[in-house]
Amino acid sequence: MDIIRVGVIGCGYIGKDHIRRINTVVPGATVTAVYDIVDDNGREMADKWNADFLDSGEDVAASDNVDAVLIASSDPTHEQYALAAIKNGKYVLCEKPLAPDPDGCRRIMEEEMSGGKRLLQVGFMRRYDAGYLALKECIRSGKFGSPILVHCAHRNPRLFAGYTSSMLITNCAVHEIDTMRWLLEENYAACRVAVPRKTSQSPAELLDPQMLYLETDSGRLIDVEVFNNCQYGYDIRCEIVCEEGLLSLPVPSSIGMVSSGRRSTIVPQEWTARFVQAYDDEFNRWIECMRRGNTTGPTAWDGYQTAVAAAALLESQKTGNRVLIPKEETPEFYHNDRKGYEHA
Ligand code: ISE
């Protein structure tokens, strides 16, 4: 396969960044078609990058000038565009979440399985972050004993318009839900949500911050603080308490500054800055594998498992009760040794 021609659905904040990434960072690919629900967004990207400006996401998925589809539109639209891409036999990278609900993810899996070929990757880019990869390597080494507890924080400096209490789980915490499954290599058994005093910085109706508790099948306990209006910066933390040691996600490095009698370092303000290399590595691997006719990375099954856990967390957010997380066997189609899949 020569240059991979990528069609982009969604030219908003992250879509624009990915279009730049595909056209200027990732070798072997170029953006050939774009669509956005806001015409000006789509037209701006089409003009800037000399891509086809199409009238719908479905047109992008069906275009003869597109080999692969990137879905970077709003969460509730992911399902319809993933189905359109798969129905057209296109490879697809769908930004997280695959769909905000398990049923949407299930319909995508059924479509992919019915076609008999793995086509879809979910954009859980933290699996490509050097810090999380180092944590995984340390766990696998056994040098620190088995993990027992994991403490996470997922803090955004400010909300974007229209954010809801559910989205703290289905849009933000899905990163931790997927990453902890991947890091600890096991599934979840139960969960609980606790809602502390709300920040006065957020709208009164928004449950912000929230504390999420996830229990794994082997009894490990993960706590995730999700705080979407922390004011000071974009701050992602992960500390793993093991039987014989402690592992912590590195704080992103920045220059040290000394002035007016104070020492300081920079706290990132955007996730695109904090995880720029992880995104680049994720897209490099996506394109590289596609050129060999393969898929890689988080699958639709991973997206589904994340949505199942998120649904249980949403139930607990409403009741405050501990909620069991349903278990299902991984379909053979989604086993890591499946032909055409390059397991990282
Ligand atoms: C955003 O959509 C992302 O994916 C970021 O990685 C996450 O940290 C942020 O909370 C989400 O809103």
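Preceding this paragraph is the structure being described.
Below: a short report on this structure. Note on numbering: residues in each chain are counted from 1, in written sequence order. Predicted model: local features are reported for residues with pLDDT of at least 70 only, side-chain atom pairs are reported and counted for 80 or more only, and whole-chain, interface and lining totals are derived from all residues. By convention in this description, side-chain values take in all heavy atoms of the structure and omit both hydrogens and water.

## Here's the deal with the site of the ligand
Rules: One heavy atom suffices: a residue is near a molecule or strand as soon as one of its heavy atoms comes within 4 Å of it. Here a polar contact is taken to be a pair of N or O atoms separated by no more than 3.5 Å, where protein atoms must pair a possible hydrogen donor with a possible acceptor and residues adjacent in sequence count only if both atoms sit in side chains. Accessible surface is estimated by sampling points in the Shrake-Rupley manner with a 1.4 Å probe; for residues, cover comes only from the protein chains shown.
With respect to spatial proximity, the complete set of residues near the ligand consists of Lys96, Met125, His154, Asn156, Tyr163, Asn171, Cys172, His175, Tyr234 and Trp271. Separating an oxygen atom of the ligand from a side-chain N or O atom of His175 is a distance of 2.9 Å. Contact between the ligand and Tyr234: an oxygen atom at 2.5 Å from a side-chain N or O atom of the residue. Look at the ligand: alone it shows 300 Å² of surface, and the protein chains cover 94% of it.

## Some remarks on the packing of helix H1 (residues 13-24) against helix H2 (residues 39-49)
Short version of the rule: Helix axes are fitted to C-alpha atoms over the stretch in contact, other axes to C-alpha atoms as well, and angles between N-to-C directions run from 0 to 180 degrees. Numbering of helices and strands runs from the N terminus; a helix is a DSSP stretch of H or I covering at least four residues, while a strand is a stretch of E covering at least two. Put simply, angles under 35 degrees are roughly parallel, angles over 145 are roughly antiparallel, angles from 65 to 115 are roughly perpendicular, and the rest are oblique. Two helices cross in a left-handed way if the nearer one is turned anticlockwise from the farther one by less than a right angle. They cross in a right-handed way if the turn is clockwise. Any pair of residues with heavy atoms lying within 4.5 Å of one another is described as a contacting pair. Note on residue classes: Ala, Val, Leu, Ile, Met, Phe, Trp, Tyr, Cys and Pro are nonpolar, Asp, Glu, Lys and Arg are charged, and everything else, Gly too, is polar.
Relative orientation of the contacting elements H1 and H2 amounts to 15°, with a least axis distance of 11 Å. The orientation of H1 relative to H2 falls into the category roughly parallel. The handedness of the crossing between H1 and H2 is right-handed. Counting all contacts with H1, which are made through Lys16, Ile19, Arg20, Asn23 and Thr24, the residues of H2 involved are Asn41, Glu44, Met45 and Trp49. Of the residues that constitute the contact of H1 with H2, the class distribution is 3 nonpolar, 3 polar and 3 charged.

## Focus on the packing of aromatic side chains
We count it as follows: The criterion for an aromatic pair is that two Phe, Tyr or Trp rings (for Trp, the six-membered ring) have centres within 6.5 Å, with stacked assigned to planes under 30 degrees apart, edge-to-face to planes over 60 apart and tilted to the rest. Whether a residue is buried, partly exposed or exposed follows from its accessible area with a 1.4 Å probe, protein chains only, as a fraction of its type maximum: under 20%, in between, or over 50%, in that order. We call a charge positioned over a ring when the NZ of a Lys or the CZ of an Arg lies within 6 Å of the ring centre and within 35 degrees of the ring normal.
Using the criterion set out here, one finds 6 aromatic pairs in the structure. Here the aromatic rings of Phe160 and Tyr163 are separated by 4.6 Å at their centres, their planes lie at 80°, and the arrangement is edge-to-face. Of the residues examined, Phe160 reaches a relative accessible area of 42% and is grouped as partly exposed. Exposure remark for Tyr163: the relative accessible area of 10% places this residue in the buried category. With centroids separated by 5.9 Å and ring planes inclined at 80°, the aromatic side chains of Phe283 and Trp286 adopt a geometry described as edge-to-face. You can see Phe283 and its partner Trp286 sitting in helix H9 (residues 276-291), 3 residues apart, about one turn around the helix. There is no split in this pair, since Phe283 and Trp286 are both buried. Over the aromatic face of Trp182 sits the side chain of Lys136, whose NZ or CZ is 4.8 Å from the ring centroid.

## A look at a negative patch on the surface
For clarity, the cut-off: Like charges within 9 Å and nonpolar side chains (Val, Leu, Ile, Met, Phe, Trp, Tyr) within 5 Å are joined into patches, using only residues over 30% in relative accessible area that form no salt bridge. For this document, the term salt bridge refers to a Lys or Arg side-chain nitrogen within 4 Å of an Asp or Glu carboxyl oxygen. For the charge count, each Lys or Arg is scored as positive and each Asp or Glu as negative, with His and the chain ends excluded. The location of each charge is read from NZ of Lys, CZ of Arg, CG of Asp or CD of Glu.
A cluster of acidic residues, Asp39, Asp40, Asp55, Glu58 and Asp59, forms a negative patch at the surface. Along the chain, the position of Asp59 falls in helix H3 (residues 57-62).

## Comments concerning the pattern of salt bridges
For the structure on display, the rule yields 26 salt bridges. With a closest N to O distance of 2.5 Å, Arg21 and Asp280 form a salt bridge. Of this pair, Arg21 sits in helix H1 while Asp280 sits in helix H9, placing them 259 residues apart in sequence. In terms of burial, Arg21 and Asp280 fall into one category: buried. Here Glu225 and Arg155 are joined by a salt bridge, their closest N and O atoms 2.6 Å apart. With Glu225 in strand E10 (residues 221-227) and Arg155 in strand E7 (residues 147-155), the pair connects residues that are 70 residues apart, well separated along the chain. With relative accessibility at 18%, the residue Glu225 sits in the buried group. Put simply, Asp17, Arg20, Arg21 and Asp280 are held in one network by salt bridges that share partners.

## Examining the sheet that holds strand E16 (residues 323-324)
Convention followed: Only strands joined by at least two bridges in the DSSP assignment are considered to pair.
In space, the 7 strands of this open sheet follow the order E12-E11-E7-E10-E9-E8-E16, with mixed pairing throughout. Taken across any chain shown, the strands that pair with only one partner, and hence form the sheet edges, are strand E12 (245-248) and E16. Two elements, strand E8 (residues 188-194) and strand E9 (residues 210-216), share 6 bridges in a ladder whose sense is antiparallel. Paired with Ala190 across the bridge in E9 is Glu215.

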